[in-house]
Amino acid sequence: MTKVVFREERCKGCGLCIEVCPKKIIRQNPEKLNSKGYFPAEVIDMEKCIGCAFCATICPDCVIEVEK
Ligand code: SF4
Ligand code: SF4
């Protein structure tokens with residue numbers, strides 16, 4: 001199964017990965033703040049991930065790594 005890993009501390013909550021995900025399975029975690037003061041992005045339903053890596057490609061801060 002594909003695994004999408006976020007380096008949460010680098011996320012600035014810009015939302016680009018959320019917009020680009022074709023499966024709409026990324027959100028900003030409303031219960032967590034990183035040390036920069038942003039709600040970090042996370043995948044909420046990994047089973048639906050198709051491993052396209054669009055999220056990793058668009059992230060300007062290299063937060064996301066897609067492992068297959
Ligand atoms: S790899 Fe594709 S489907 Fe999976 S979370 Fe990223 S954008 Fe969404
Ligand atoms: S694109 Fe990168 S910086 Fe922006 S919300 Fe997603 S993981 Fe965070």
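Chemist: Can you tell me about the site of ligand 1, naming the residues and giving the values?
Modeler: Within the structure, ligand 1 sits among 15 residues, and Cys21, Cys49, Cys52, Phe54 and Cys55 are positioned closest to it. Its residues placed into classes, the shell around ligand 1 shows 13 nonpolar, one polar and one charged.

Chemist: If you had to explain the environment of Ile18 to someone new, which residues and values would you point to?
Modeler: Considering the arrangement of structural elements, one finds Ile18 in helix 1 (residues 16-20). Residue class for Ile18 comes out partly exposed when judged on the 15 C-beta atoms lying within 10 Å of it. Through-space distance from the C-alpha of Ile18 to that of Ile64 is 12 Å; in sequence the pair is 46 residues apart. Not counting chain neighbours up to four residues away, the residues in contact with Ile18 comprise Ile26, Arg27 and Ala41.

Chemist: Tell me about unusual backbone geometry, residues and numbers included.
Modeler: Backbone geometry places Lys24, a non-glycine residue, at a positive phi of 55 degrees. By the element assignment, Lys24 lies in the loop between helix 1 and strand 2 (26-28). Backbone geometry at Ala53 places phi at a positive 65 degrees, although glycine is not the residue there. In this fold, Ala53 is placed in the loop between strand 3 (41-43) and helix 2 (54-58).

Chemist: Outline the nonpolar core, supporting the account with residue identities and numerical values.
Modeler: Among the nonpolar cores identified, the biggest contains 13 residues, and Cys17, Ile26, Cys55 and Ile64 are the most heavily contacted of them. Elements with a contribution of two residues or more to this core: strand 1 (3-6) and strand 3. Not counting chain neighbours up to four residues away, the residues in contact with Cys55 comprise Val4, Cys17, Val20, Cys21, Ile26 and Ile64.

Cut-offs and rules
- Residues numbered from 1 in each chain as written.
- Chains lettered and ligands numbered in written order.
- Predicted model: local features only at pLDDT ≥ 70, side-chain atom pairs only at ≥ 80, totals over all residues.
- Near = placed C-beta within 6 Å.
- Nonpolar A, V, L, I, M, F, W, Y, C, P; charged D, E, K, R; others polar.
- Helix = DSSP H or I, 4+ residues; strand = E, 2+ residues; numbered from the N terminus.
- Buried ≥ 20, exposed ≤ 12 C-beta atoms within 10 Å, placed from the backbone.
- Contact = placed C-beta atoms within 7 Å.
- Core = buried A, V, L, I, M, F, W, Y, C linked by C-beta atoms within 7 Å.

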